[in-house]
Amino acid sequence: MTILTVLFDGIAAGMLLFVLASGLAVTLGLMNFVNLAHGAFAMAGGYICVVVVNRWGMPFLAALPVAFLFSAMIGALMERTLYCHLYGRSHLDQVLFTVGLVFMSITGVDYVMGSSQVFIDIPKYLQGQIEVFGLGMSRYRLLIILLCSLITVAVQLILTKTRFGSRLRASVDDTRVASGLGINVNTVFALTFAFGSGLAGLGGALGAEILGLDPTFPLKFLIYIMIVVTVGGTSSITGPFLASLLLGIGDVAGKYYVPKFGAFAIYAMMIVILIWRPHGLFSRAVSK
Amino acid sequence: MVTRISASKASGIFNRGGLAAAAFAALGLSVSAAQAQETVKIGLIVPMTGQQASTGKQIVSAVKLYMLQKGETVAGKKIELIVKDDGAIPDNTKRIAQELIVNDKVNVIAGFGITPTALAAAPLATQAKVPEVVMAAGTSIITERSPYIVRTSFTLPQSSTIIADWALKNGIKKVVALVSDYAPGHDALNSFKATLTAGGGQLVEEIKVPLANPDFAPFLQRAKDAAPDALFIFVPSGQGGTLMKQFAERGLDKSNIKVIGPGDLTDDDLLPNMGDAALGIVTAHLYSANHPSAMNKAYVAAFQKAYDFRPNFMSVGGYDGMHLIYEALKKTGGKADGDSLIAAMKGLKWESPRGPISIDPETRDIVQNIYIRKVEKVNGQLFNVEFATFEAVKDPGKAKK
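What comes next concerns the included structure. (Residues numbered from 1 in each chain as written. Chains lettered and ligands numbered in written order. Predicted model: local features only at pLDDT ≥ 70, side-chain atom pairs only at ≥ 80, totals over all residues. Heavy atoms only, no water.)

**Examining the packing of aromatic side chains**
- For the coordinates displayed, the defined rule picks out 21 aromatic pairs over all chains.
- Centre to centre, the rings of Phe60(A) and Tyr140(A) are 6.1 Å apart; their planes meet at 45°, and the pair counts as tilted. One end of the pair, Phe60(A), is in helix 3 (residues 60-81); the other, Tyr140(A), is in helix 5 (residues 139-161), with 80 residues separating them in the sequence. Note on accessibility: Phe60(A) and Tyr140(A) belong to one class, buried.
- Here the aromatic rings of Tyr307(B) and Phe309(B) are separated by 6.2 Å at their centres, their planes lie at 40°, and the arrangement is tilted.
- Relative accessible area serves as the criterion here: at 25%, Tyr307(B) is assigned to the partly exposed category.
- Taken together through their ring pairs, the aromatic side chains of Tyr66(B), Tyr299(B), Phe303(B), Tyr307(B), Phe309(B), Tyr319(B) and Tyr326(B) make up a single cluster.
- Taking NZ or CZ as reference, Lys57(B) lies 4.6 Å from the ring centre of Phe309(B), over its face.
- A cation over an aromatic ring shows up here: Arg222(B) above the ring of Tyr256(A), its NZ or CZ 5.8 Å from the ring centre. (Phe/Tyr/Trp six-rings, centres within 6.5 Å; stacked < 30°, edge-to-face > 60°. Helix = DSSP H or I, 4+ residues; strand = E, 2+ residues; numbered from the N terminus. Buried < 20%, exposed > 50% of the residue type's maximum accessible area, 1.4 Å probe, protein only. Lys NZ or Arg CZ within 6 Å of the ring centre and 35° of its normal.)

**Focus on the pairing of strand 4 (residues 108-111) of chain B**
Residues and elements named next belong to chain B.
- Burial along strand 4 is two-sided: the face carrying Val 108 and Ala 110 and the face carrying Ile 109 and Gly 111 are both buried.
- The sheet contact formed by strand 1 (residues 39-46) and strand 4 spans four bridges and is parallel. Bridge assignment links Gly 43 to a residue of strand 4, and that residue is Ile 109.
- Pairing between strand 4 and strand 5 (residues 132-134): three bridges, direction parallel. When the bridges of strand 5 are listed, Ala 110 appears paired with Val 133.
- After leaving strand 4, the chain enters helix 5 (residues 115-128) and then returns to the sheet as strand 5, a path that is right-handed. (Pairing = 2+ DSSP bridges. Right-handed = clockwise from strand over helix to strand, strands pointing away.)

**A few points about the nonpolar core**
- Counting 88 residues, the largest nonpolar core has Phe60(A) and Tyr140(A) as its most contacted members.
- The element that contributes the greatest number of residues to this core is helix 1 (residues 2-30) of chain A, accounting for 14 residues.
- Setting aside anything within four residues of it in sequence, one finds Phe60(A) in contact with Cys49(A), Val53(A), Ile120(A), Asp121(A), Ile122(A), Pro123(A), Leu126(A), Tyr140(A), Leu143(A) and Ala205(A).
- Of all hydrophobic cores here, the second largest spans 76 residues; its members include Val108(B), Leu156(B), Ala284(B) and Trp350(B). (Core = buried A, V, L, I, M, F, W, Y, C linked by side-chain atoms within 4.5 Å. Contact = heavy atoms within 4.5 Å.)

**Concerning the sheet that holds strand 1 of chain B**
Residue and element names in this part refer to chain B.
- One open sheet accounts for six strands, arranged 2-3-1-4-5-6; its pairing is mixed. On the outer flanks of this sheet lie strand 2 (73-74) and strand 6 (149-151), each paired with one strand and no other.
- Packed onto the sheet, helix 3 (residues 53-70) meets strand 1 and strand 3 (77-85) and runs at close to 160° relative to strand 1. (Axes fitted to C-alpha atoms, helices over the stretch in contact; angles between N-to-C directions.)

**Observations regarding the interface of chain B and chain A**
- Taken residue by residue, the interface counts 28 residues in chain B and 29 residues in chain A.
- Taken together, the two surfaces of chain B and chain A that pack against each other cover about 2500 Å², and 52% of this comes from carbon and sulfur.
- The interface formed by chain B and chain A holds three salt bridges in total.
- Here Arg141(A) makes a salt bridge to Glu249(B), at a shortest N to O gap of 3.1 Å.
- Along the contact surface separating chain B from chain A lie six residue pairs in polar contact (both at pLDDT 80 or more).
- Of all the secondary-structure elements, those providing two or more residues to the side of chain B that touches chain A are helix 3, strand 8 (202-209), helix 8 (217-225) and helix 9 (240-249) of chain B. (Buried area = accessible area lost by both parts, 1.4 Å probe. Salt bridge = Lys/Arg side-chain N within 4 Å of Asp/Glu carboxyl O. Polar contact = N/O pair within 3.5 Å; in protein donor to acceptor, adjacent residues only side chain to side chain.)

Below, the structure written as structure tokens:
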């Protein structure tokens with residue numbers, strides 16, 4: 001039974017990682033833009049959720065879309081005003097710029113919301129455990145697994161089956177030809193960026209309960225998010241998804257069975273996978 | 001009470017601006033000579049940014065409250081406070097302490113949010129003969145690192161040893177410990193373990209959790225599987241909320257496993273937001289905002305009126321640290337050199353919002369009551385309600401030697 005509980009917790013942790021990281025996988029993989037400030041959008045989602053649930057009394061489940069929209073709006077705004085100037089620049093410029101944004105977001109949130117950890121008031125029906133065939137499952141983690149599975153399927157369908165998805169892939173593969181064919185590349189990128197930021201915001205809102213939410217959130221989880229993206233590869237959305245699951249389960253299992261080295265498990269896995277497949281688990285292995 | 005003397009009146013007008021130049025000019029008008037000796041400067045080094053920011057916020061608030069209540073002049077000296085943010089990074093602390101001592105010529109350095117920062121300033125205190133008043137950091141060894149260090153906060157072994165004592169007396173035999181993997185965590189674990197095993201208890205498992213740990217789930221599952229009587233927890237204040245939420249999420253609140261630990265877990269700063277999962281946690285600690293003394297009621301009321309948040313154990317460290325400096329200055333008659341101040345500080349006794357405390361003349365460490373408290377709802381808010389007292393506890397970390 002224990003092994004199933006560990007597996008369950010691992011899957012939940014992995015799913016959460018995926019929602020947090022998928023936005024970065026999109027911007028980094030599809031738009032080739034290194035956005036280290038990704039965690040800041042997650043934090044924005046978390047904090048807006050705290051405000052609308054705790055202060056305005058909105059139900060938690062209704063606040064999740066709010067978190068998504070709020071982060072997506074910030075994302076769209078930033079993309080149009082700041083990020084759009086950096087698409088053509090070198091990766092180093094992008095890194096420096098976005099790291100700057102991270103620090104600004106940390107002090108900004110610290111100033112407005114205070115530095116101590118905050119929690120979202122989770123409704124009673126999401127607290128505690130339910131027993132299924134003797135297996136104790138946390139309701140909240142179950143919700144995470146359900147929601148994240150839905151999101152994954154939706155994102156995958158949008159990218160592969162819709163007109164927007166093909167426009168996006170075309171814009172990424174060859175910006176000039178795509179715009180020559182009448183695709184408004186700027187709009188496509190802006191929408192994609194906003195969507196990725198929105199997903200991060202949703203991840204932040206969902207994760208606050210488990211990961212804790214304070215102004216240093218963007219820095220604390222940057223490493224985990226980066227690991228998911230590098231291990232998963234950036235060519236598709238399934239790569240980061242499987243990588244998140246693998247790392248989530250590995251991390252939880254490592255911490256459970258060998259607590260002394262548990263914290264190292266996730267890094268060890270990353271090193272081994274990257275030696276074996278330097279471009280990540282699922283990459284087209286093309287060099288740009 | 002502090003008596004104000006006329007010399008400070010002229011400068012009082014300029015206080016609010018905080019301009020050193022203006023203050024000096026004002027002093028120049030009212031006092032004929034030796035202006036430099038008329039001010040006693042206190043350099044307060046605390047983390048105001050980063051993860052430990054709440055510690056700094058509590059201490060600075062308490063120190064300013066003390067100065068507001070007791071006036072800014074003591075024994076004929078004007079007290080000047082210089083607040084610096086070190087972000088809880090030891091390198092910063094060392095640089096700032098040096099600047100304060102060399103450039104600003106401070107008479108006392110104070111504050112120090114975490115152990116490494118307190119240790120970083122220790123050699124400077126020794127070399128410059130400047131008293132270092134530790135208002136927060138809690139590892140036992142700190143006061144041994146310089147003869148100029150005095151502590152008004154607490155030591156971790158104080159709480160950890162007492163909670164082990166209490167556990168043994170209350171039929172808790174089999175314990176799993178879950179502590180953060182850094183110096184204070186080890187300190188808490190070792191002193192708890194020593195007392196517990198000496199009294200016939202059994203520590204069945206020691207789980208050391210990485211300091212930057214996002215998810216406690218696997219560690220808590222491991223603790224659950226060991227089925228102990230109690231779970232001893234020490235995590236830096238700030239992580240306690242997440243931990244207790246996950247504790248309840250795992251159904252551990254419905255099991256018979258008690259949660260015990262030093263009071264950092266149920267820090268007054270965070271307790272109101274921890275939710276009902278925290279109900280029933282038993283901790284040993286030096287201060288609760290709910291401490292039922294008249295002095296504490298007045299303190300909490302004044303604090304909340306001024307700042308709109310609840311004072312925690314860090315705040316009393318700051319408040320008492322300031323009191324210690326004021327009283328030492330009274331005792332020396334205004335002499336503010338390091339050796340006189342330290343000599344005056346040794347053995348001082350007073351009543352603090354936390355209860356009666358004193359400075360051990362031998363170790364320069366704090367001697368105080370440690371209270372056993374249980375988290376309960378008082379007027380709809382979560383509080384640590386004290387129900388047993390261990391009086392005048394010295395630092396067990398040093399008592400052993």
